[in-house]
Amino acid sequence: MSAPQTTAAAPTPGHALKHLAVHLLTPLLMCLGMALAYQGAFHQPEPHHLKVAVVGTSPQAQGLADAVRAKAGPALDVSTPATRDAAEQQLRDRDLVGAFLPDARSPELIVAKGGSDTSAMAAEAVFRNVTDQQGVPLAVTDLATPGKGDPTGQGLFFLLVALSIGSYASVAVIGAAGAALGMRTRALVGLAVSLAVSVIGIGTAGPVFHVVDHDVAAVWALGWLYSAGVLAIGIGLHSFLKRWTTLTMMVLFVMLNFTTSGGVYRPELQNGFFGALHAFWTGAGFLEGARSVLYFDGGAGLGGHVLTLALWLALGGAVMVGAAAYEKRGRSAVEAEAEAEEEMAEAVAV
């Protein structure tokens, strides 16, 4: 006669609710983080040390610069380049957002919208106020116009979004489905995935939507470097954080990344916290690097942006090395415990 089978007791409603509440904590924290990050970064765009210029050495030009400076306070940094050529070079180097050439009948504002359309609009608002008081129209000349496929300059930001989502979403898959693989193998898988993500991104931004209409290879290389850095950091962190990895990746590469990339507002239109992160965060490295390639002939600080991406990739490599050591220690502890249990069992048997 066979022994009666026992079934596991069903969880009590209290236990089930507690289990559900723990798992709901992650999406609720995501909601809170997104609300704080996006509203904190974008809810009140105002100029902070917006770099503009009044061109000329005449007393009238100097007087106008002083008047604008006194009225704006810390909102504007007003310089006075001597010539139009000097002002245009500063715009191409992205040391200026707008340069105003005063004239009684035909004043002109020179901008570079490829650097940031919203910043150029802010500079235009400043000097249109001046010309409106004078009762004359303001002519606007753009030295770096975005391509026909990206007239607002937002297309590169959406490419950043696609690269980011493809990268950090793959981290969870590699961490879960590839948990049995060694760290070196997972690192190689991450490198291959980053290549795939970058190809998908440039394939849609280039031939499909023409956001990137030249220097495709250079922008693709920046995208691969960016994606590889995100994946490397995520694969390494998963060994330590497990199910909290997704939330951490959201914080690093969505909440703090998109808000500081300069895709919507550059730092001169943001508060100090988000503006400061723009200087070294990886999304800003990709986006500003791509702008330098497409709109400023590979100048305007491209080397610094590539260095930013390379340092984030190096950070990811360091995290993976640490994770490999951590996993090795964990395996050693488990093996030692198993050996001790086996020895104890043998002793008892004797």
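The text that follows walks through the structure, step by step, so that each part is easy to find. Given the structure is predicted, the values throughout are model-derived calculations rather than measurements. (Residues numbered from 1 in each chain as written. Predicted model: local features only at pLDDT ≥ 70, side-chain atom pairs only at ≥ 80, totals over all residues. Heavy atoms only, no water.)

1. Observations concerning the side chain of Ser-119
How we decide: A run of H or I in DSSP becomes a helix once it reaches four residues, and a run of E becomes a strand once it reaches two; helices and strands are each numbered from the N terminus. Relative accessible area decides the class of each residue, using a 1.4 Å probe on protein chains only: under 20% of the type maximum gives buried, over 50% gives exposed, and in between gives partly exposed. What qualifies as a polar contact is a pair of N or O atoms within 3.5 Å, subject to a donor-acceptor requirement within protein and to the restriction that residues adjacent in sequence count only when both atoms come from side chains. Every residue pair with non-hydrogen atoms within 4.5 Å of one another is taken to be in contact.
Assignment of secondary structure puts Ser-119 in helix H4 (residues 117-134). Residue Ser-119 is classed as buried on the basis of its relative accessible area, which comes to 1%. A distance of 2.7 Å separates polar atoms of two side chains, one belonging to Ser-119 and the other to Glu-268. Apart from residues no more than four positions distant in its own chain, Ser-119 is found in contact with Leu-50, Val-97, Arg-266, Glu-268 and Leu-269.

2. Focus on the packing of helix H1 (residues 13-42) against helix H8 (residues 245-255)
The line we're drawing: Axes here refer to lines fitted to C-alpha atoms; in helices the fit is confined to the stretch in contact. Angles between the N-to-C directions go from 0 to 180 degrees. Throughout this description, any angle smaller than 35 degrees is read as roughly parallel, any larger than 145 degrees as roughly antiparallel, any in the 65 to 115 degree range as roughly perpendicular, and the remainder as oblique. In a left-handed crossing the near helix is turned counterclockwise from the far helix by less than a right angle, and in a right-handed crossing that turn is clockwise. Polar here means any residue outside two lists: the nonpolar Ala, Val, Leu, Ile, Met, Phe, Trp, Tyr, Cys and Pro, and the charged Asp, Glu, Lys and Arg; Gly therefore counts as polar.
In contact at an axis separation of 10 Å, H1 and H8 are set at 15 degrees when each is read in the N-to-C sense. Considering the angle they form, H1 stands roughly parallel to H8. The crossing of H1 and H8 is right-handed. The residues of H8 that touch H1, namely those facing Thr-26, Leu-29, Met-30, Gly-33, Met-34, Ala-37 and Tyr-38, are Thr-246, Leu-247, Met-250, Val-254 and Met-255. Split into classes, the residues belonging to the contact of H1 with H8 amount to 9 nonpolar, 3 polar and no charged.

3. A look at the side chain of Glu-124
By the secondary structure assignment, Glu-124 is in helix H4. The buried category is assigned to Glu-124, whose relative accessible area is 19%. Contacts of Glu-124, omitting those with residues within four sequence positions, involve Leu-109, Leu-138 and Val-140.

4. Some thoughts on the pattern of salt bridges
Cut-off, in case you're wondering: Here, a salt bridge means any Lys or Arg side-chain nitrogen found within 4 Å of an Asp or Glu carboxyl oxygen.
Using the criterion set out here, one finds 10 salt bridges in the structure. For Arg-94, the salt bridge is made with Glu-288, and the minimal N-O distance between the two is 2.9 Å. Note that Arg-94 is positioned in the loop between helix H3 (84-92) and strand S3 (98-101) and Glu-288 in helix H11 (residues 282-295), a separation of 194 residues in sequence. Comparing Arg-94 with Glu-288 shows no difference in burial state: the two are buried.

5. Looking at the packing of aromatic side chains
Definition in use: Each aromatic pair joins two rings of Phe, Tyr and Trp (for Trp, the six-membered one) with centres within 6.5 Å, and gets the label stacked for planes under 30 degrees apart, edge-to-face for over 60, and tilted for any other angle.
Tallied over the full model, the rule gives 12 aromatic pairs. Centre to centre, the rings of Phe-100 and Phe-127 are 4.8 Å apart; their planes meet at 10 degrees, and the pair counts as stacked. Here Phe-100 is found in strand S3, whereas its partner Phe-127 is found in helix H4, with 27 residues between them in sequence. For the residue pair Phe-100 and Phe-127, the accessibility class agrees, reading buried in each case. A ring pair is formed by Trp-281 and Trp-312, whose centres lie 5.0 Å apart and whose planes are at 65 degrees; its orientation type is edge-to-face. Here Trp-281, found in the loop between helix H10 (272-277) and H11, pairs with Trp-312, found in helix H12 (residues 302-349); they are 31 residues apart in sequence, far enough to count as distant. As far as the burial class goes, Trp-281 and Trp-312 line up, both buried. A connected cluster of aromatic rings, assembled from ring pairs, spans Phe-253, Phe-280, Trp-281 and Trp-312.

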